[in-house]
Amino acid sequence: MYRLAPSISAALSLLAVLGLACRASAQEPKSDELIPPVAIYKVDPSHPSELYDRGIEGEAIIIANVDVFGTVIDPVVDRATHDEFGLAALLAASEWIFEPATKNGVPQAVRVKIPFTFKIAFEHKLNVEMGREVFKELDVPVTPSFELEQAPMPKFIPAFDEFYPEAFLNTGKSAAVSVEFIVNPDGNVINPRIVSISTPGFEEAAMRAVAHIQYNTIRVQGQPVHVSIMMPIQFSP
């Protein structure tokens, strides 16, 4: 009869213990944690045209069931800032596809909330606010103001601090902004753009402010022209 050396015997005993531990671990009950569904295909809702034309933003929340195949079932509007947003969100949510929820690796049907936000680009909102096209493409010559014999003088300048961003109220922040814009033959400011700014976050306020500036018609050799102007703006709390 052969006998194992003590060191070999101890090693085999250790392996046997580890094997039992592994089998015990494999037999432990699985976690009952539910892994939520993940959207793998999303559809953005269309902004209702009437609300878009009025520059109205908003949100909507859809509640729906996601079945074991990841399909959205029976979506309903939980809440919406406007009924039209709710309908648009409902149509979009019905087309979403999910990786289904799982528990212990088994797909589960669950109920979910799907939020939607309806935002509008700043350029369009400013067009709506001003009741005219502030931002537009031009295919006509633009004369730099420094080429004129006399610098154009506005006939109306608003109080710039009236446009101080609400997000910065009570923060004590100020900003120095250089804005370039074009004065069209009607004396209106169009196509404002930020050239430099000392404090980020004041860009939209600066463009809104200069959009309200008004000029008399600027003429060169008796003809009305488009003129580009650079203007510094200061915002104080």
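As shown above, the structure is provided for reference.
Residues numbered from 1 in each chain as written. Predicted model: local features only at pLDDT ≥ 70, side-chain atom pairs only at ≥ 80, totals over all residues. Heavy atoms only, no water.

**Examining the overall build of the chain**
In step 1: Check the secondary structure of the chain and you find 5 helices and 16 strands.
In step 2: Across the 237 residues in the chain, those meeting the buried criterion constitute 34%.
In step 3: When contacts within the chain are restricted to residue pairs at least 6 apart in sequence, those whose partners lie at least 24 apart make up 74%.
In step 4: When the accessible area of the chain is evaluated, it comes to approximately 15100 Å², of which 54% is carbon and sulfur surface. (Helix = DSSP H or I, 4+ residues; strand = E, 2+ residues; numbered from the N terminus. Buried < 20%, exposed > 50% of the residue type's maximum accessible area, 1.4 Å probe, protein only. Contact = heavy atoms within 4.5 Å. Areas by Shrake-Rupley, 256 points an atom, 1.4 Å probe, with all protein chains shown as cover.)

**Let's talk about unusual backbone geometry**
As a rule of thumb, non-glycine residues mostly have phi less than zero, and peptide bonds are mostly trans rather than cis.
In step 1: Despite not being glycine, Asp74 shows a phi value in the positive range, around 50°.
In step 2: When you line up the elements, Asp74 lands in strand 4 (residues 72-80).
In step 3: Asp74 sits in the exposed class, given a relative accessible area of 53%.
In step 4: The phi angle at Asn191 is positive, at roughly 50°, despite the residue not being glycine.
In step 5: Position of Asn191 among the secondary structure elements: in strand 12 (residues 189-197).
In step 6: Asn191 gets classed as partly exposed once you look at its relative accessible area, which sits at 21%.

**Brief notes about the environment of Gln108**
In step 1: Along the chain, the position of Gln108 falls in strand 7 (residues 106-108).
In step 2: Apart from the residues lying within four places of it in its own chain, the contact partners of Gln108 are Leu34, Val66, Asp67, Val68, Ala101, Thr102 and Lys103.
In step 3: Looking at Gln108, its side chain comes within polar contact range of the main-chain oxygen of Val106, at 3.3 Å. (Polar contact = N/O pair within 3.5 Å; in protein donor to acceptor, adjacent residues only side chain to side chain.)

**Describing the pairing of strand 3 (residues 58-66)**
For a regular strand, side-chain orientation follows a simple rule: the groups alternate between the two sheet faces.
In step 1: Taking burial as the measure, the 9 residues of strand 3 include 7 buried ones, the bulk of the element.
In step 2: Looking at chain direction, strand 3 and strand 8 (residues 110-118) are connected through 9 bridges and run antiparallel. Considered in strand 8, the bridge of Glu59 is made with Thr117.
In step 3: Alignment of strand 3 against strand 4, held across 6 bridges, turns out to be antiparallel. Directly across from Ile63, in strand 4, lies its bridge partner Val76.
In step 4: Taken together, strand 3 and the strand that follows it, strand 4, pair antiparallel across an intervening segment of 5 residues, in which Gly70 is found at a positive phi of about 85°. (Pairing = 2+ DSSP bridges.)

**A short note on the pattern of salt bridges**
In step 1: Per the counting criterion, the structure on display carries 6 salt bridges.
In step 2: Glu50 is paired through a salt bridge with Arg54; the nearest N and O atoms lie 3.6 Å apart.
In step 3: Its salt-bridge partner being Glu57, residue Lys125 comes within 3.5 Å of it at the nearest N-O pair. Taken together, the residues Lys125 in helix 4 (residues 122-130) and Glu57 in the loop between helix 2 (49-53) and strand 3 connect sequence positions 68 residues apart. (Salt bridge = Lys/Arg side-chain N within 4 Å of Asp/Glu carboxyl O.)

**Some remarks on the sheet that holds strand 4**
In step 1: Strand order in the open sheet formed by 3 strands is 4-3-8, with antiparallel pairing between adjacent strands. Whereas interior strands pair on both sides, the edge strands pair on one side only; in this sheet they are strand 4 and strand 8. Neighbour-to-neighbour, the strand axes of this sheet turn through a mean angle of 25°, independent of strand direction.
In step 2: Those strands touched by helix 3 (residues 83-93) are strand 3, strand 4 and strand 8, and its axis lies near 40° from that of strand 3. (Axes fitted to C-alpha atoms, helices over the stretch in contact; angles between N-to-C directions.)

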